[in-house]
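If you want the building blocks of each chain, they are given just below.
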Amino acid sequence: MKSIAALVLGLAALAAARPDVDDMFVNMDIKQRQTFILKLLNHITEPVMYKDIEEIGYNFKIEENVDFFTKTDVVKTFVNYFKLGMLPRGEIFTIHVDRQLKEVVSMFHLLYYAKDFETFIKCACWMRLHLNEGMFVYALTVAVRHREDCKGIILPPPYEIYPYYFVRADVIQKAYLLKMKKGMLDTKLCDFYGIKKTDKDVYIIDENVFDKRVYLNEDDRLRYFTEDIDLNTYYYYFHVDYPFWMRDEIFDKLKVRRWELNFYICQQILARYYLERLSNGLGEVTTLSWNKPVRKGYWPWMLLHNGVQFPLRPNNYVLVQDRNINAVRLVENYEMIIKDAIIKGYIDINGKRLDLVKAEDVEMLGKIVYGKIDNTDFDKFRIDAYRFLLIIMKSVIGLNTFTPDKYFVTPSVLDSYQTALRDPIFYELQKRLCDLLILFKKRLPCYTKEELYFPGVKIDNVVLDKLVTYFDDYLMDMTNAVTLTDDELKKTKSDMVFYVRKRRLNHQPFTITLDVMSDKAVDCVVRLFLGPKEDHFGRLIDLNVNRLNFVELDTFLYKLNTGKNTIIRNSIEMHNLVRDRIMTRDLWKKIDSINDMRDLLIKDLRNYHTGFPTRLLLPKGRVGGMNFWLYVIVTPLKLVDNIDMNIFDTNRKDLVRDFRSTILLDKMPLGFPFDRQIEVSKFFTPNMKFVDVVIFHKKQVCDMKTRWDRWVMKNYNMVDRTMFGKDDYMVDVDINTKIDKDVNLFDL
């Protein structure tokens, strides 16, 4: 009887600890889940303004709901951190501080190992109320991207969640002044300060990417590329999908080559940066050296929400100083260990020998450089290579001169994945790491004629449209950067909407037509690469030197038929590209008005989290034209084992999958055939082709600068347009010479 009574009391206590399931959680569909996530991430620096989130968060007790997590130890770990004191709200979060990394990983584990969506949401509501906003956004973002019951949920872009990482401080300051004045405009100063109010009461503030006040060196001419919000979002989402700290068992089988992909993405970003440098007459990216001053400084001109500025790094900055000499020695020693392991062909970690000999061992090399090696036999010994290598590299370079303590940190732009690409030294650092991959690949044999040749297949012809780039304007919603009043918190929305007007690189849509002859019906992989032909001095670049400068434009699977095959690839529809992301406020309205959420995902939001910006597919080029190589190769499909091809059927609404590379279906290495040293006498085969292409840059007809050397605002009709789901989303606004007499006061 005592045991029965104890059981009854235990069930009663459990029922009391976990309230009855709210009606809102019963059979919650994808639309309702989507709306709830958007509410959790709206105005994250403000107090919670949604009553349902507040009520759920206050009523949920983590320690009383341990049984509703698949791993109870993650709850105990998090509670221990919480009792010790975690990073307070209002402070700046960076994953590169060891204590903050452990805390945010414990938050992720709590969200990831929740048994059901109800527990997940209740836990998230509790975190939104009690924990640091930066850590909450990071943990929730990673959890949504990895939980099965969150497939199909669209996250707000990071530049709308936290605009401080993407918008200059002077622009945010103007928004605050407008807010303080309740929208009152001085019409005489609007032209001078670059402020416009539309008919729909939207305030648009100009951010001039060509403002030379922030220029410290010639690399600042590339700010239009390095500070592009979509490029930085691409890099941030890649980290979210493949965090260096995450164990392999959390990933699904489509992400088994995560470390090789990590190497490849970094190498591709580096190559794409080099193409942009050539377009501006700049030379190759130098490799970072600890023993020489960093010649190129960087001035972010950004202010965080707590008033702390991102630090400035002056030109000719000396890296090795008394405060970081030990960190530099540690980095150099660790790099030497990795190089020695590559040359020997193996490395010993925790008494276990890991080979670095075969082509597939690149995965192990990537784990050593970017990740961590865990030995299940010796759990107390762990090599967190990334934290000892790249994070310490960044701490040496960054100007975190204040000693990080429990709470307060002064991060540099390198310490956030949303801002790392802005700093020119990032590319020098990545080149130093990519040199390890190059050294590994040099030990592998060159591809033979048999490995490159596709019997019976020949590329007969390649035809391209004229390639033209230009600059256009984009309006980014930065309303979340401005504090809400009490009345606005009650209404759960801001009375004033602020957009920032950014100048960005774009290109005219183009198509590539391939004529491929085949003597049989066969599955194949088609790869298209774009690379430079000449260096910044106009000299032809040797192919073996140039092979790592080729950027993968498109890679796709295709079924060849017998005879002539005409393959047409449109620049908008190439693999894993994303168009302009819809503003979250517009997404919210669209979700309320549609019935089929999955139809929206397939048609308008494809590659939303994984895609590379389609605008940046081509480098800027030059006004008179710039010479490039287009390289095309068709190879037989060598399908990896145990893969269900149906998951890549994008027309199936019962599956919600987004993937970064169909090439992961092929057993060939990423970057094939440019990933290894080229034996020129054995390289060229009929199933590949080099084509001369020229990229023209349309001379900028800027509607911002007047003959009085002042900056004015024009053509704000873009604000009334929905940027996705239309065929004219890439309309050339750059040469729109429509005159607006109401803007320039001197023309009145």
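Residues numbered from 1 in each chain as written. Predicted model: local features only at pLDDT ≥ 70, side-chain atom pairs only at ≥ 80, totals over all residues. Heavy atoms only, no water.

A. Looking closely at the overall build of the protein chain. Secondary structure summary: the protein chain contains 24 helices and 17 strands in total. Scored against the burial criterion, the 748 residues of the protein chain give a buried share of 58%. Intrachain contacts of the protein chain at a sequence separation of at least 6 include 81% that bridge at least 24 residues. (Helix = DSSP H or I, 4+ residues; strand = E, 2+ residues; numbered from the N terminus. Buried < 20%, exposed > 50% of the residue type's maximum accessible area, 1.4 Å probe, protein only. Contact = heavy atoms within 4.5 Å.)

B. Local environment of the sheet that holds strand 10 (residues 511-518). Taken in spatial order, the three strands of this open sheet run 7-10-13, and their pairing is antiparallel. Each edge of the open sheet carries a strand with a single partner, namely strand 7 (457-464) and strand 13 (563-570). Each strand axis lies, on average, 20° off the axis of its neighbour in the sheet, ignoring direction. (Pairing = 2+ DSSP bridges. Axes fitted to C-alpha atoms, helices over the stretch in contact; angles between N-to-C directions.)

C. Region of the structure containing the packing of helix 2 (residues 30-40) against helix 3 (residues 51-59). For the pair helix 2 and helix 3, the least separation of the axes is 10 Å and the interaxial angle reads 85°. Viewed along their axes, helix 2 and helix 3 adopt a mutual orientation that is roughly perpendicular. Residues F36, K39 and L40 of helix 2 form the contact with helix 3, whose own contacting residues are D52, I53 and I56. A per-class count over the contact of helix 2 with helix 3 returns four nonpolar, no polar and two charged. (Parallel < 35°, antiparallel > 145°, perpendicular 65-115°, else oblique. Nonpolar A, V, L, I, M, F, W, Y, C, P; charged D, E, K, R; others polar.)

D. The arrangement of the nonpolar core in detail. Within the largest apolar cluster, 221 residues are counted, with the highest numbers of intra-cluster contacts made by L40, F120 and W245. Ranked by the residues each element gives to this core, the list is headed by helix 13 (residues 258-279), at 13 residues. Among residues more than four places away in sequence, those in contact with F120 are I37, L111, A114, L140, A143, V144, R147 and C150. Counting six residues, the second-largest nonpolar core is a separate cluster that includes V202, I204, L475 and V497. (Core = buried A, V, L, I, M, F, W, Y, C linked by side-chain atoms within 4.5 Å.)

E. Quick look at unusual backbone geometry. Cis geometry marks the peptide bond from F672 to P673, where omega comes out at 5°. Secondary-structure assignment places P673 in the loop between strand 16 (626-636) and helix 24 (680-683). Positive phi outside glycine occurs at W301, with the angle close to 60°. Along the polypeptide, W301 turns up in the loop between helix 13 and helix 14 (325-344).

F. How the structure looks around the pairing of strand 10. Relative to strand 10, strand 7 runs antiparallel, the two sharing seven bridges. Across the sheet, V462 pairs through a bridge with L514, a residue of strand 10. Two elements, strand 10 and strand 13, share eight bridges in a ladder whose sense is antiparallel. Paired with L514 across the strands is I567, a residue of strand 13.

G. Representation of helix 2. Of all eleven residues making up helix 2, nine are buried, and the element is well covered by its neighbours. Regarding helix 2, the residues found buried are I30, R33, Q34, T35, F36, I37, L38, K39 and L40.

H. Spotlight on the side chain of E160. Position of E160 among the secondary structure elements: in helix 8 (residues 158-161). The side chain of E160 is buried and forms no salt bridge, while R585, the nearest opposite charge, is found at 6.7 Å. A polar contact is formed between the side chain of E160 and the side chain of T584, at a distance of 2.6 Å. Beyond its immediate sequence surroundings of up to four residues, E160 is in contact with D477, N480, I582, M583 and T584. (Lys, Arg positive; Asp, Glu negative; His and termini not counted. Salt bridge = Lys/Arg side-chain N within 4 Å of Asp/Glu carboxyl O. Polar contact = N/O pair within 3.5 Å; in protein donor to acceptor, adjacent residues only side chain to side chain.)

I. View of empty space enclosed by the protein. Under the definition given, this model contains eleven cavities of 30 Å³ or more. Looking at the second largest cavity, its volume works out to about 340 Å³. For the second largest cavity, the lining is made up of 24 residues, of which F93, G134, Y138, Y165 and Q418 are closest to its centre. Going through the elements one at a time, helix 7 (133-146), helix 8 and helix 12 (229-241) are the ones with two or more residues in the lining of the second largest cavity. A total of five residues in the lining of the second largest cavity trace back to one element, the largest contributor, which is helix 7. When its residues are assigned to classes, the lining of the second largest cavity shows 14 nonpolar, seven polar and three charged. (1 Å grid on protein atoms, 1.4 Å probe; cavity = no way out; pocket = protein on both sides within 12 Å on 5 of 7 lines; lining within 4 Å. Points joined across faces, edges and corners; volume = space filled by probe spheres on them.)

J. Structural detail: the pairing of strand 4 (residues 352-355). Of the strand pairs in this sheet, strand 3 (residues 346-349) and strand 4 are connected by four bridges, and their pairing is antiparallel. Note on strand 4: the bridge partner recorded for I349 is K352. In this structure, the hairpin formed by strand 3 and strand 4 is closed by a connection of two residues, where N350 is found at a positive phi of approximately 55°.

K. The arrangement of the pattern of salt bridges in detail. Counted by the stated rule, this structure contains 43 salt bridges. Here D340 ties to K344 by a salt bridge, and the two come within 3.3 Å at their closest N and O atoms. Of this pair, D340 and K344 both sit in helix 14, four residues apart, which is roughly one turn of the helix. Accessibility expressed as a relative area gives 44% for K344, which makes it partly exposed. In this structure, the salt-bridge partner of D580 is R615, at a minimum N-O distance of 3.8 Å. In this pair, D580 is assigned in the loop between strand 14 (577-578) and helix 22 (584-593) and R615 in the loop between strand 15 (612-613) and strand 16, connecting sequence segments 35 residues apart. The class of D580 is buried, set by a relative accessible area of 5%. Under the relative-accessibility criterion, R615 is labelled buried at 3%. Put simply, D228, D230, D472, R504, D580, R581 and R615 are held in one network by salt bridges that share partners.

L. Broad picture of the confidence of the model for the protein chain. Confidence along the protein chain averages 82 in pLDDT terms, with 82% of residues attaining 70 or more. Below pLDDT 50 for its whole length, residues 1-21 participates in twelve contacts with residues either more than four positions away or in separate chains. (pLDDT = per-residue confidence, 0-100.)

M. Summary view of the sheet that holds strand 17 (residues 688-697). Taken in spatial order, the eight strands make up an open sheet running 1-2-9-8-17-16-11-12, and their pairing is mixed. For this open sheet the edge positions go to strand 1 (195-197) and strand 12 (551-560), each flanked by a neighbour on one side alone. Taking the axes of each pair of neighbouring strands and ignoring which way they run, one obtains an average angle of 30° across the sheet. As paired elements, strand 2 (residues 202-207) and strand 9 (residues 497-507) share six bridges and run parallel to each other. Within strand 9, the position partnered with I204 by the bridge is Y499.

N. The arrangement of the side chain of H96 in detail. Mapped onto the fold, H96 is located in the loop between helix 4 (72-84) and helix 5 (98-112). Excluding anything up to four places from it in sequence, H96 contacts I391, K394, L414, D415 and Y417.

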